[in-house]
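Inside the fold
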Amino acid sequence: MLKNKIITNNKKLSFIEHHQLSRKELLERVLKICKKNYGKNHIRTSVAYANLGDALTNFENYAKAKKYLKKALKIEKKFFSLDHPEISKTLSMLGNAYG
């Protein structure tokens, strides 16, 4: 019974890891497309940076997550006031990346 439970948990973990890797790869593609079509300093590109940073936080790759989230924040500050909800959302993600 315990052996079956361990195997089931390993299968679930493997599925989750695969799903997370797919998420990261897709978000990297989105960022590349946004940069190509909108440029590095467009608001849509900042959303792609933020989403990738959030995913990297989930992978516990905090250094890279902070890098992308800071890029997103820098772009957002050009478009929004400092009390805008998008900036608040990105700051919250950045706080999570700091642990």
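The following paragraphs examine the structure supplied in this document.

What counts as what
All residue numbers refer to position in the chain's written sequence, counted from 1. Selection of residues for local features in this predicted model requires a pLDDT of at least 70, selection of side-chain atom pairs for listing and counting requires 80 or more, and totals for whole chains, interfaces and linings are taken over all residues. Neither water nor hydrogens contribute to the side-chain values; these are computed over all heavy atoms in the structure. Secondary structure elements are taken from DSSP: a helix is a run of H or I of four residues or more, a strand is a run of E of two residues or more, and numbering for both begins at the N terminus. Between the first and last residue of a helix there are one fewer steps than residues, each counted as 1.5 Å, and that sum is the expected span. Any residue under 20% of the maximum accessible area for its type is buried, any over 50% is exposed, and the rest in between are partly exposed; the area is computed with a 1.4 Å probe on protein chains only. Each direction from the helix axis to a C-beta atom contributes to the arc, which is the arc of those directions. Contacts are residue-level and defined by heavy atoms, with any inter-residue pair within 4.5 Å sufficient. Two rings belonging to Phe, Tyr or Trp (six-membered ring only in the last case) form a pair when the distance between their centres is within 6.5 Å. Interplanar angles under 30 degrees mark stacking, angles over 60 mark edge-to-face geometry, and anything in between is tilted. Two conditions define a charge located above a ring, namely a distance within 6 Å from the ring centre to NZ of Lys or CZ of Arg, and an angle within 35 degrees of the ring normal.

A few words on helix H4 (residues 85-97). Between its first and last C-alpha, H4 extends 18 Å over 13 residues, near the 18 Å set by a 1.5 Å rise per residue. Along H4, the positions that sit buried rather than exposed are Ile87, Thr90, Met93, Leu94 and Ala97. In an axial view of H4, the angular spread of the buried residues amounts to 120°, which keeps them on one side of the axis. Packing partners of the buried residues in H4 comprise helix H2 (43-58) and helix H3 (62-79).

Further remarks concern the packing of aromatic side chains. Considering all chains together, one arrives at one aromatic pair under this definition. Look at Tyr49 and Tyr68: their rings are 5.9 Å apart centre to centre, the planes differ by 25°, and that puts the pair in the stacked class. Linking Tyr49 in helix H2 with Tyr68 in helix H3, this pair joins segments that are 19 residues apart in sequence. Assessed through its relative accessible area of 14%, Tyr68 is described here as buried. Taking the ring centre of Tyr68 as reference, the NZ or CZ of Lys67 above it sits at 5.4 Å.

This paragraph deals with the side chain of Thr57. Mapped onto the elements, Thr57 comes out in helix H2. Other than its neighbours up to four places away in sequence, Thr57 contacts Tyr62, Ala65, Leu69, Asn96 and Ala97.

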